[in-house]
Amino acid sequence: MIQFHIFTNKCELWKLMVQLIIKKVSREERSRRVLVVSRLPRLVNMIKSSVETKRGGDTDLMSFTTYDDLLQLLARRVDPVDDTQYKSFVQFDRVHFDCDDSGVSFTREFIDGHLEPKERKLMANNNIESLTLWNAITVIKSQSKCASTKVHLTLEDYTSLSLSYGLTEDQRQLCYRLFLVYENWRESKHYWDEMDRALYVLRFGPSVFREEKFIPWPVRVNKFGEMDLLNEEMTEPRYPFFYDIVCADEAQDFTEVTLVLFARMSASIRSLFLSADPAQSVELGVNMHAGTVNHVFHSLIEGKKLQVKDVLQYVDLQTNHRK
């Protein structure tokens, strides 16, 4: 059965998005392992409670989690070949755009505390604000191509991105230069950001994650005999890496690399369900572009000219539900 892919680019209330997820998950076959993920704990709890009610408590094969909890779990379960490549991703060493005492502030510690006055002047002269630079760094480290290469974009890659990513040629050149300064600073301090953690999972996770060409875990198991992708009883996909269906709520707050990761965790590109409203994005530095979904799926399928609408069921709400 073809799974539904929901990508909404018209205004709608977040409650409607949650209802779509609840309806979708509640109707799934009881033999399927399902993952439901969102940024916000309150949304995860709301979805879980509603699904449990609708299914009479039958949610044994379902996992409801926040994105942060999921990535923490995945990062602990990956297995680098070289012990020197292990990372712990301690929370207080995590770089956020801005934060309290729970992490490292990009604005205070990097922009204000590390950059030279001449670099900050260059930013001002080129109309590059702190959030603009943070968004550029996020793109450089999490555009869909990074999911295949497992490294950040090159300068050529970044400057050749479509106009939907914003900034002029000169601005992109400057942002990339400052990105390299940021990376040297971050690594010298042993800090990490969310893009590092996502790429770490993709780089050192199971073969479905590591290999550039996307081959879903059921195909690998049934066709190539990669039984290590199943649990010890060889009856279900290996937890917490693989599921029959992955449902992501508030998908506008996930980077392209994260959406690729979700796709690789699911049974196929047709078993990924995304609910998104770009007008309600709350994750600073993450912007859902007009071509985001196409970029993600082009990184997973052969035939770059193929559009999402040709292989997926696309639902675009035309009504403005926001008052």
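All values derive from a computational prediction rather than experimental measurement.

With respect to the overall build of the chain
Summing up its helical and strand segments, the chain has 15 helices and eight strands in all. Taken over 323 residues, the chain has a buried fraction of 54%. Across the chain, every contact between residues at least 6 apart in sequence was considered, and the portion connecting residues at least 24 apart equals 71%. Summing over all exposed atoms, the chain offers an accessible surface of approximately 15,500 Å²; the carbon and sulfur share of this is 50%.

Structural notes on the sheet that holds strand S6 (residues 245–248)
The pairing of strands in a sheet comes from backbone hydrogen bonds and takes either a parallel or an antiparallel form. Across the sheet, which stays open at both edges, the four strands sit in the order S3-S2-S6-S7 with parallel pairing between neighbours. Each edge of the open sheet carries a strand with a single partner, namely strand S3 (62–66) and strand S7 (272–274). Strand-to-strand twist of the sheet, defined as the mean angle between neighbouring strand axes without regard to direction, takes the value 15°. Looking at chain direction, strand S2 (residues 34–38) and S3 are connected through five bridges and run parallel. In the strand pairing of S3, Val36 is matched with Phe64. Helix-sheet contacts for helix H2 (residues 41–54) involve S2 and S3, and the interaxial angle to S3 is about 160°. Sitting on the sheet, helix H3 (residues 67–77) is in contact with S2 and S3, with an inclination near 105° to S3.

So, the pattern of salt bridges
Evaluated as defined, the whole model comprises 18 salt bridges. Where Asp196 meets Arg186, a salt bridge forms, and the shortest distance between an N and an O atom there is 3.2 Å. Here Asp196 is found in helix H10 (residues 194–204), whereas its partner Arg186 is found in helix H9 (residues 169–189), with ten residues between them in sequence. Judged by relative accessible area, Arg186 falls into the buried class, the value being 5%. Across the pair Arg220 and Glu226 runs a salt bridge whose closest N-O atoms are separated by 3.1 Å.

As for the nonpolar core
Generally speaking, nonpolar side chains in soluble globular proteins are found buried as a group. Phe106, Leu133, Tyr158, Phe209, Phe262 and Met265 are the most contacted members of the largest nonpolar core, which has 78 residues in total. In contact with Phe106, other than residues within four places in its own chain, are Val95, His96, Phe97, Ile111, Ser130, Leu133, Trp134, Ile137 and Tyr182. Grouped together as the second largest cluster of nonpolar side chains are 15 residues, Val18, Val25, Val36 and Ile47 included.

A look at the side chain of Glu194
Residue placement: Glu194 occurs in helix H10. Note on Glu194: relative accessible area 11%, which makes it buried. A polar contact of 3.4 Å, which involves the side chain of Glu194, links it to the side chain of Arg94. Those residues within four positions of Glu194 in sequence are excluded, and the remaining contacts are Tyr67, Leu71 and Arg94.

So, the environment of Leu155
Within the secondary structure, Leu155 sits in helix H8 (residues 155–159). Separated by 18 residues in the primary sequence, Leu155 and Gln173 have C-alpha atoms spaced 7.6 Å apart. Every residue in contact with Leu155, bar those within four places of it in the chain, is listed here: Gln173 and Tyr176.

As for the packing of aromatic side chains
Scanning the model with the defined rule gives 21 aromatic pairs in all. With a centroid separation of 5.2 Å and 85° between ring planes, the pair formed by Phe254 and Phe262 is classed as edge-to-face. You can call Phe254 buried: its relative accessible area is 3%. Through successive ring pairs, a cluster of aromatic residues spans Phe97, Phe106, Phe110, Trp134, Tyr182, Trp185 and Tyr191.

Remarks on the confidence of the model for the chain
Averaged over every residue, the pLDDT of the chain is 87; the share at 70 or more is 85%. Looking over the chain, one finds the lowest element-wise mean pLDDT in strand S1 (residues 4–6), namely 41, and the highest in H9, namely 98. Ignoring residues within four places in sequence, the model shows residues 1–12, a span with pLDDT below 50, making 59 contacts including any to other chains. Long-range and interchain partners of residues 311–323, a stretch whose pLDDT sits below 50, account for 35 contacts in this model, where long-range means more than four residues apart.

What about the side chain of Arg94?
If you trace the backbone, Arg94 turns up in the loop between H3 and strand S4 (95–96). If we skip the residues at most four places from it in the chain, Arg94 touches Asp68, Gly103, Val104, Trp192, Glu194 and Arg197.

So, the pairing of S2
On any regular strand, side chains alternate: one points to one face of the sheet, the next to the other face. Burial of S2 is extensive: five of the five residues sit out of reach of the surface. Residues of S2 alternate between two faces, with Val34, Val36 and Ser38 on one and Leu35 and Val37 on the opposite face, all of them buried. For the handedness criterion, the β-α-β arrangement of S2, H2 and S3 is classed as right-handed. Bridge analysis of S2 against S6 gives four bridges, and the strand direction is parallel. Bridging from a neighbouring strand, Leu35 pairs with Val246 of S6.

What counts, and at which threshold
Residues numbered from 1 in each chain as written. Predicted model: local features only at pLDDT ≥ 70, side-chain atom pairs only at ≥ 80, totals over all residues. Heavy atoms only, no water. Helix = DSSP H or I, 4+ residues; strand = E, 2+ residues; numbered from the N terminus. Buried < 20%, exposed > 50% of the residue type's maximum accessible area, 1.4 Å probe, protein only. Contact = heavy atoms within 4.5 Å. Areas by Shrake-Rupley, 256 points an atom, 1.4 Å probe, with all protein chains shown as cover. Pairing = 2+ DSSP bridges. Axes fitted to C-alpha atoms, helices over the stretch in contact; angles between N-to-C directions. Salt bridge = Lys/Arg side-chain N within 4 Å of Asp/Glu carboxyl O. Core = buried A, V, L, I, M, F, W, Y, C linked by side-chain atoms within 4.5 Å. Polar contact = N/O pair within 3.5 Å; in protein donor to acceptor, adjacent residues only side chain to side chain. Phe/Tyr/Trp six-rings, centres within 6.5 Å; stacked < 30°, edge-to-face > 60°. pLDDT = per-residue confidence, 0-100. Right-handed = clockwise from strand over helix to strand, strands pointing away.

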